[in-house]
6 protein chains.
Amino acid sequence: MAMVDVSDKAEIFREATATGTIKLKPNTVNLIKTGKIAKGDPLYTAKIAGVLAAKNTCSLVPLCHPLPLTNVKVEAKITDKNTVEVSATVKAKAQTGVEMEALTAVSVGLLTVWDMVKQYEKDADGQYPTTAIENIHVTRKLKQV
Amino acid sequence: MAMVDVSDKAEIFREATATGTIKLKPNTVNLIKTGKIAKGDPLYTAKIAGVLAAKNTCSLVPLCHPLPLTNVKVEAKITDKNTVEVSATVKAKAQTGVEMEALTAVSVGLLTVWDMVKQYEKDADGQYPTTAIENIHVTRKLKQV
Amino acid sequence: MAMVDVSDKAEIFREATATGTIKLKPNTVNLIKTGKIAKGDPLYTAKIAGVLAAKNTCSLVPLCHPLPLTNVKVEAKITDKNTVEVSATVKAKAQTGVEMEALTAVSVGLLTVWDMVKQYEKDADGQYPTTAIENIHVTRKLKQV
Amino acid sequence: MAMVDVSDKAEIFREATATGTIKLKPNTVNLIKTGKIAKGDPLYTAKIAGVLAAKNTCSLVPLCHPLPLTNVKVEAKITDKNTVEVSATVKAKAQTGVEMEALTAVSVGLLTVWDMVKQYEKDADGQYPTTAIENIHVTRKLKQV
Amino acid sequence: MAMVDVSDKAEIFREATATGTIKLKPNTVNLIKTGKIAKGDPLYTAKIAGVLAAKNTCSLVPLCHPLPLTNVKVEAKITDKNTVEVSATVKAKAQTGVEMEALTAVSVGLLTVWDMVKQYEKDADGQYPTTAIENIHVTRKLKQV
Amino acid sequence: MAMVDVSDKAEIFREATATGTIKLKPNTVNLIKTGKIAKGDPLYTAKIAGVLAAKNTCSLVPLCHPLPLTNVKVEAKITDKNTVEVSATVKAKAQTGVEMEALTAVSVGLLTVWDMVKQYEKDADGQYPTTAIENIHVTRKLKQV
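Residues numbered from 1 in each chain as written. Chains lettered and ligands numbered in written order. Predicted model: local features only at pLDDT ≥ 70, side-chain atom pairs only at ≥ 80, totals over all residues. Heavy atoms only, no water.

**Some words on the pattern of salt bridges**
Applying the stated criterion to the full structure yields 30 salt bridges over all chains. Residues Lys39 of chain C and Asp115 of chain C are paired through a salt bridge, measuring 3.4 Å at the closest nitrogen-oxygen approach. Pair noted here: Lys39 of chain C is in the loop between α1 (26-33) and α2 (42-55) and Asp115 of chain C is in helix α4 (residues 99-121), with a separation of 76 residues, a long-range link. The pair formed by Lys39 of chain C and Asp115 of chain C is uniform in burial state, with each residue classed as buried. What emerges from the salt-bridge pattern is a single network uniting Lys39, Asp115 and Lys118 of chain A. (Salt bridge = Lys/Arg side-chain N within 4 Å of Asp/Glu carboxyl O. Helix = DSSP H or I, 4+ residues; strand = E, 2+ residues; numbered from the N terminus. Buried < 20%, exposed > 50% of the residue type's maximum accessible area, 1.4 Å probe, protein only.)

**Quick notes on helix α4 (residues 99-121) of chain A**
At Asp115 of chain A, α4 of chain A shows its maximal bend, which comes to roughly 40°. The buried fraction of α4 of chain A amounts to 22 of the 23 residues, a majority that puts the element mostly inside the structure. (Bend = angle between axes of the 7 residues up to and from the residue.)

**Concerning the interface of chain B and chain C**
Taken together, the 16 residues of chain B in the interface contact 16 residues of chain C. Surface buried jointly by chain B and chain C totals about 1300 Å² across both partners, of which 59% is contributed by carbon and sulfur atoms. Summed over the shared surface of chain B and chain C, the number is one salt bridge. Where Lys91 of chain C meets Asp5 of chain B, a salt bridge forms, and the shortest distance between an N and an O atom there is 2.5 Å. In this structure, the connection of chain B to chain C is made through 11 residue pairs in polar contact (both at pLDDT 80 or more). (Contact = heavy atoms within 4.5 Å. Buried area = accessible area lost by both parts, 1.4 Å probe. Polar contact = N/O pair within 3.5 Å; in protein donor to acceptor, adjacent residues only side chain to side chain.)

**A closer look at the side chain of Lys47 of chain B**
Assignment of secondary structure puts Lys47 of chain B in helix α2 (residues 42-60). Buried Lys47 of chain B, no salt bridge; nearest opposite-charge side chain is Glu75 of chain B, N-O distance 4.4 Å. Excluding its chain neighbours within four sequence positions, the residues that come into contact with Lys47 of chain B are Val74, Glu75 and Ala76 of chain B together with Met1 of chain E. (Lys, Arg positive; Asp, Glu negative; His and termini not counted.)

**Structural notes on the side chain of Thr89 of chain F**
Residues and elements named next belong to chain F. Mapped onto the elements, Thr89 comes out in strand β3 (residues 83-94). A polar contact of 2.9 Å, which involves the side chain of Thr89, links it to the side chain of Thr17. Here Thr89 is in contact with Glu15, Ala16, Thr17, Asn71, Val72 and Lys73, once residues within four sequence places are set aside.

**What about the interface of chain B and chain A?**
Listed as interface residues are 40 residues of chain B and, on the opposing side, 39 residues of chain A. Of the roughly 3300 Å² buried between chain B and chain A, counting both surfaces, carbon and sulfur atoms make up 62%. Contact with chain A buries surface across chain B, with Lys39, Leu60 and Leu111 of chain B losing the most and accounting together for 16% of the total. For the pair chain B and chain A, the interface holds zero salt bridges. The dominant element in the side of chain B that touches chain A, judged by the number of residues it contributes, is helix α3 (residues 99-121) of chain B, at 12 residues. Of the residues belonging to the side of chain B that touches chain A, the class tally is 19 nonpolar, 13 polar and eight charged. Taken together, the two bridges between strand β4 (residues 132-144) of chain A and strand β4 (residues 132-144) of chain B define a ladder with antiparallel strand orientation. Looking at the pairing, Ile136 of chain A lines up with Ile133 of chain B of β4 of chain B. (Nonpolar A, V, L, I, M, F, W, Y, C, P; charged D, E, K, R; others polar. Pairing = 2+ DSSP bridges.)

**A look at the relation of the copies chain B and chain A**
When chain B is brought onto chain A, the operation consists of a screw motion whose angular component is 180° and whose axial shift is 0.0 Å, with 0.0 Å RMSD remaining. Put plainly, the chains are arranged around a two-fold axis. Within chain B, the C-alpha atom positioned nearest to the axis of rotation is that of Glu134 of chain B, 2.4 Å from it. When the interface residues of chain B are mapped onto chain A, 98% of them again fall at the interface, so both copies present the same face. (Least-squares fit on C-alpha atoms with pLDDT ≥ 70 in both.)

**Considering the pairing of strand β4 (residues 132-144) of chain E**
Note that strand β1 (residues 12-23) of chain E and β4 of chain E share 10 bridges and pair antiparallel. Counterpart to Thr21 of chain E in the pairing with β4 of chain E is Glu134 of chain E.

**Some details on the layout of surface pockets**
Unfilled space is identified by rolling a water-sized probe across the atoms. Approximately 520 Å³ is the volume found for the second largest pocket. Around the second largest pocket, the lining is made up of 27 residues, and of these Lys118 and Lys122 of chain C together with Val4, Lys9 and Thr96 of chain D lie nearest the centre. Every element with two or more residues in the lining of the second largest pocket is listed here: α4 of chain C together with α4 (99-121) and β4 (132-144) of chain D. A per-class count over the lining of the second largest pocket returns 10 nonpolar, six polar and 11 charged. (1 Å grid on protein atoms, 1.4 Å probe; cavity = no way out; pocket = protein on both sides within 12 Å on 5 of 7 lines; lining within 4 Å. Points joined across faces, edges and corners; volume = space filled by probe spheres on them.)

**Topic: the arrangement of the chains**
A minimum C-alpha distance of 10 Å separates chain B and chain D, which share no contact. In this view chain A stays clear of chain E, with the nearest C-alpha atoms of the two still 10 Å from each other.

If you want it as structure tokens, here you go:
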């Protein structure tokens, strides 16, 4: 069991962007849009949680390397009447890629949106019949010698 | 900005189950099935990472309460030729629900699968044209007075 | 060397409120007020960082007990032309008080404000001639049998 | 929402020193001086907590970069009959400054002093009428090309 | 993969004591005894690191439960001319035992002693021919209905 | 109190290997060998916990530097009828050695084995008469200019 040995790889510029969505009720999306979520602003909170999570990746994902991230940017926005999208771009000069960091930022950002709007998504039985996190993927990876 | 005040709520038994999937190439799924992933066993590693993540939820998701979890169970399995599913059940005697803990375990478990199989999923340009985390949702919540 | 032994103390309702300020340039405070800080909203970010820090207190302050916080509320506001105030209220049903959690939330909230406005506070030599965190104190402690 | 992008900045030697104080009762300061604080040595404990906190800065302050610190030095001393001072110097070869790390070390060091002497500072009602953390500031920043 | 399900177990008083030793050169032990270790006091530092580690156990050992520790006491002392002993007692009212917390406190305490005296233990080739952590075990477990 | 100042040291290739053992009942070792431990696979779990712990070293051991580890490899195996051995190799291009990281990986790996087999090691009184972690030491350090 080992983290991949990157000791002999050159440190080069790395960048990765990931994105994902959470499907919410139209009413919940409307409350976000109009700033009426009781717990605060889900989009802003998701962005902060995402940035923090990116820096925490190697403690969460067992075989990820600790990397000196030089930039983490997380965006969160409403993309249609029942969808919020979170995306993240991470950069580092490193011996291995930063896609896991971008994916982790997106995942934790989306979990944070869920947590902020829980009360509007639950049905009378306390279940979540429609809420779902969807399509977390890497939109672009880049390395630059 | 506040965690919801649950001071006056009774501590009752709480349980939540969440699940989600990661779409992989059939070849990757085959390598998992035959124990040939170079970095180790993605399913077992995902389960451990998921259990650890559940306990870490309130440090990742800003407004989650710290909860005395009495059980965290994470499963990971191949469900069809291009899919791995991770699910998690979390229990606690607590003043608020444990669905965020179950969702966090699933999310980090799926990220861990991705990380373990990265090398088989990337195309010649280092991109991930097909890999995606899908349909993370809560399958069941329970509270028991 | 020991955390105080609270094994025989009763679990009772505990609450503590702490507050503190950061002295900034009037120009910086103005930029906060008008939403023009390049890095984002210092007040909102401070509140989230403060809530997270409260939950992290026993990992930061060596002899603090891990406590099942039932509420953490952090506020941040401009109180005069060169001051931002952060305050925090923490509640728990616990065997020991929660003032360290409130103080930690305030401290990290104020550090976060500083970090968000660094570029406006530095002089031509990169020094901070006027920025200072002031008067972090406990305004109220409560226990309720 | 983004950590400032420092990808194109050169890695140069950085150093920052911060300091702050905690105002205590003269009796408490005397107990510290004579080694009679029941919970242990507040000064030594503060120094260790400060060093650990400096390394933890980017997990506490959302937009701080993870930095490869090459030195963290924390001092704690009695400066007059009712004051303890904590100061910290942090060094790194990095693309951004280390003042937030020094400020975080000082803040957590001062919180630790508070925690170690709580029992001597509380009045009969369990309040802290005089205890306060004061004047946390950066005394010197340095960058060296 | 699951933490043992303790949902139906009663919360009872739990206590565990663990101990272990580190074998050092007599010269190193002498330097500790006379307060001449350049990096600080290994015994005091080990005690603090041990207390912090006990609280961190469930993040380090995958299947440990998060437990509301009511007491952590760590001792470190010279026991003969080439030995330092670290022991830890942990208490909680919990549904499962606290021996892993005590063992973790001892282990991290001993690692901390090692780190504090590294420079005196290395030989001319930078190797540690004699340094070793020995006999970490549980001396007593207790549960009290 | 300071981490050693390594600011002026060159970044060179560092490697360290550490090892240690846990003494278990022959019956427990047999259950491990035959895959019958109820909580899962102690060897695999120990390896993952060890890798994660190596990356966490500077948060556990107060005066350790944060280091950009390029490789962490942890092995766990049965070495005789009552012994499991955990060893770890850590590499980095750094200004200081990585033996504390290797030792921490081994220590947490061994604690994890203990936790996974607790139920088979306890006697009728809930005590551990024979279980012990033994001989954690550095087998090899290397630096390469």
